[in-house]
2 protein chains.
Amino acid sequence: MAGAGAAASDELKVLGVWPSPFVIPVRIALNMKGLSYEYVEEDLYNKSLLLVGSNPVHKKVPVLLHGGRAINESQIILQYIDELWAGTPALLPSDPYERATARFWAAYIDDKVRSAWVVMVFRYKNKDEWAEGVARAGEALDTLEGAFRDCSKGKPFFGGDGIGFVDLVLGGYLGWFGAFGKIIGRRLIDPAKTPLLAAWEDRFRAADVAKGVVPDDVDKVLAYQQVLLAR
Amino acid sequence: MAGAGAAASDELKVLGVWPSPFVIPVRIALNMKGLSYEYVEEDLYNKSLLLVGSNPVHKKVPVLLHGGRAINESQIILQYIDELWAGTPALLPSDPYERATARFWAAYIDDKVRSAWVVMVFRYKNKDEWAEGVARAGEALDTLEGAFRDCSKGKPFFGGDGIGFVDLVLGGYLGWFGAFGKIIGRRLIDPAKTPLLAAWEDRFRAADVAKGVVPDDVDKVLAYQQVLLAR
């Protein structure tokens, strides 16, 4: 992780691309904590010197710049935000076992949902592979339906009464889920199969902190996918 | 993450296989915290009901059982241990930015070193792929040489004066690095290329908490590899 020496100020800046499932959780987390930040849209095919210099190892978004120092990797940034601005609302629970459980499901999403998403975005032109990606996403969502039941304990979010770590990590994908839903002709989080998660999706999208961050224009997301596929 | 209800006691049990790069860090962390635990050796080809029931999602080691509740995933277990037994020695630093930096390098190892290790273990019979795995490990170790310089600030470990999170995650691989070294006829962490890391390896292996946990019998590790390859 690169940093430009000691923090010169408490200025917050996010380097991102608007539909990224990894950038969206960071922006919502900053909103939840009531922190104002500058958002800088990156062009993945013409990365800024600031991005390359801030994340020289991976050269990927999101990067959080805080007082000139760079923090990289979506889930690591979320934990940084939660530890530095430790007040309410908390992203992770305080109990170590519950924290481990939240980290487990976040890692699960980063493994199973991410890999299905990669297929659905980048292998769109191969119908068999694409269908396989949709099926794998469905399997992961089935598992997450059970996780939601266990974690939420009847409350609205994985994090209980409010949005938490697991909500943010899964919520980052909802713009793409909406776009994939238009392709397959039904919601990817299928109310008939995973009713708890489908209701969760509605609540997450409706949250003030997610407004303007979770993409709701499916045609715009699909157009972005075509840009990615054209490269 | 499954659990058998409320904690019945504070009993600690680790389900593992002895050469696993993911199990070894957990055992050393428990040693560092001065916690006694029961170690249960698993047969990956005939997994115990306890393992399958404790990690129904992945069915993988390590599992830490604490008072009957299961915690899964190596780095998540390390953080659980560090949060629950928060006293000295700490695995993660207290400063949020330094914590993010340690998590960043641990994630880097889990990505780049792990993927090279998978090739070196499981693609051993394909000479080209194997050589490619060695080369990729070398590239990752070059990057980690710089990370060590930045993190250790002239002290013995990534964690400073003592073994920390990054040390544990990388140290889990040293038994295999020793075995691969016998195959390639030089140390995988090459003192000529990465002198700081090579000296770190010597210090890590010599630490009391690592004794009997980091495998030092390279022939035994190589024999275990043959068992894996025969399946």
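What counts, and where the lines are drawn
- Residues numbered from 1 in each chain as written.
- Chains lettered and ligands numbered in written order.
- Predicted model: local features only at pLDDT ≥ 70, side-chain atom pairs only at ≥ 80, totals over all residues.
- Heavy atoms only, no water.
- Domains from an automatic or database assignment.
- Contact = heavy atoms within 4.5 Å.
- Buried area = accessible area lost by both parts, 1.4 Å probe.
- Salt bridge = Lys/Arg side-chain N within 4 Å of Asp/Glu carboxyl O.
- Polar contact = N/O pair within 3.5 Å; in protein donor to acceptor, adjacent residues only side chain to side chain.
- Least-squares fit on C-alpha atoms with pLDDT ≥ 70 in both.
- pLDDT = per-residue confidence, 0-100.
- Patch = residues over 30% accessible without salt bridge, like charges linked within 9 Å, V, L, I, M, F, W, Y side chains within 5 Å.
- Areas by Shrake-Rupley, 256 points an atom, 1.4 Å probe, with all protein chains shown as cover.
- Helix = DSSP H or I, 4+ residues; strand = E, 2+ residues; numbered from the N terminus.
- Buried < 20%, exposed > 50% of the residue type's maximum accessible area, 1.4 Å probe, protein only.
- Nonpolar A, V, L, I, M, F, W, Y, C, P; charged D, E, K, R; others polar.
- UniProt positions renumbered as here; feature names shortened; annotations may be inferred.
- Pairing = 2+ DSSP bridges.
- Axes fitted to C-alpha atoms, helices over the stretch in contact; angles between N-to-C directions.

Let's shift gears to the domain arrangement of chain A. All names here are of chain A. Split into domains, chain A comes out as domain 1 (12-84) and domain 2 (96-230). Measuring from the centre of the C-alpha atoms in domain 1 to the corresponding centre in domain 2 gives 20 Å. At the junction of the two partners, domain 1 supplies 18 residues and domain 2 supplies 23 residues. Contact between domain 1 and domain 2 buries roughly 2,000 Å² in total, counting both sides, with carbon and sulfur atoms accounting for 71%. The tally of links from domain 1 across to domain 2 stands at zero salt bridges. Summed over the shared surface of domain 1 and domain 2, the number is four residue pairs in polar contact (both at pLDDT 80 or more).

Aligned on chain A, chain B shows an RMSD of 0.0 Å; the corresponding rotation is 180° and the shift along the axis is 0.0 Å. Such a combination of turn and shift is consistent with a two-fold rotation axis. Comparing contact sets, 100% of the residues at the interface of chain B also lie at the interface in chain A, consistent with an isologous, same-surface contact.

Looking now at the confidence of the model for chain A. Per-residue confidence for chain A gives a mean pLDDT of 95, with 97% of residues at or over 70. In the model, residues 1-8 of chain A has pLDDT below 50 throughout and makes 23 contacts with residues more than four positions away in sequence or in other chains.

Residues and elements named next belong to chain B. Where nonpolar side chains cluster on the molecular surface, the patch consists of L44, Y45 and V227 and spans about 230 Å² of accessible area. Among the structural elements, Y45 can be located in the loop between β2 (38-41) and α2 (49-54). Look at Y45 and you get partly exposed, because its relative accessible area is 38%.

In this assembly, 28 residues from chain B lie in contact with 28 residues from chain A. Taken together, the two surfaces of chain B and chain A that pack against each other cover about 2,400 Å², and 69% of this comes from carbon and sulfur. For the pair chain B and chain A, the interface holds four salt bridges. Here chain B is connected to chain A by six residue pairs in polar contact (both at pLDDT 80 or more). For the side of chain B that touches chain A, the secondary structure elements donating two or more residues are β4 (69-72), α3 (74-84) and α4 (96-122) of chain B. At 12 residues, α4 of chain B tops the list of elements feeding residues into the side of chain B that touches chain A. The class makeup of the residues in the side of chain B that touches chain A is 15 nonpolar, six polar and seven charged.

This paragraph deals with the UniProt feature "domain: GST N-terminal" (unreviewed entry) in chain A. What UniProt calls "domain: GST N-terminal" (unreviewed entry) maps, in this numbering, to residues 10-89 of chain A. Secondary structure within residues 10-89 of chain A divides into 32% helix and 21% strand; the distance between the first and last C-alpha atoms comes to 20 Å.

Turning to the sheet that holds strand β1 (residues 12-16) of chain A, a few remarks are in order. Two strands in a sheet stick together by hydrogen bonds in their backbones, pointing the same way (parallel) or opposite ways (antiparallel). All names here are of chain A. One open sheet holds the four strands; their spatial order is β2-β1-β3-β4, and the pairing between them is mixed. Strands at the two margins of the open sheet, each flanked by one partner only, are β2 (38-41) and β4 (69-72). Across the sheet, the mean angle from the axis of one strand to that of its neighbour is 20°, orientation sign disregarded. Note: strand β3 (residues 63-66) against β4, four bridges, orientation antiparallel. From the neighbouring strand, L65 faces β4, where its bridge partner is A70. Lying on the sheet, helix α1 (residues 24-32) is in contact with β1, β2 and β3; it crosses β1 at an angle near 160°.

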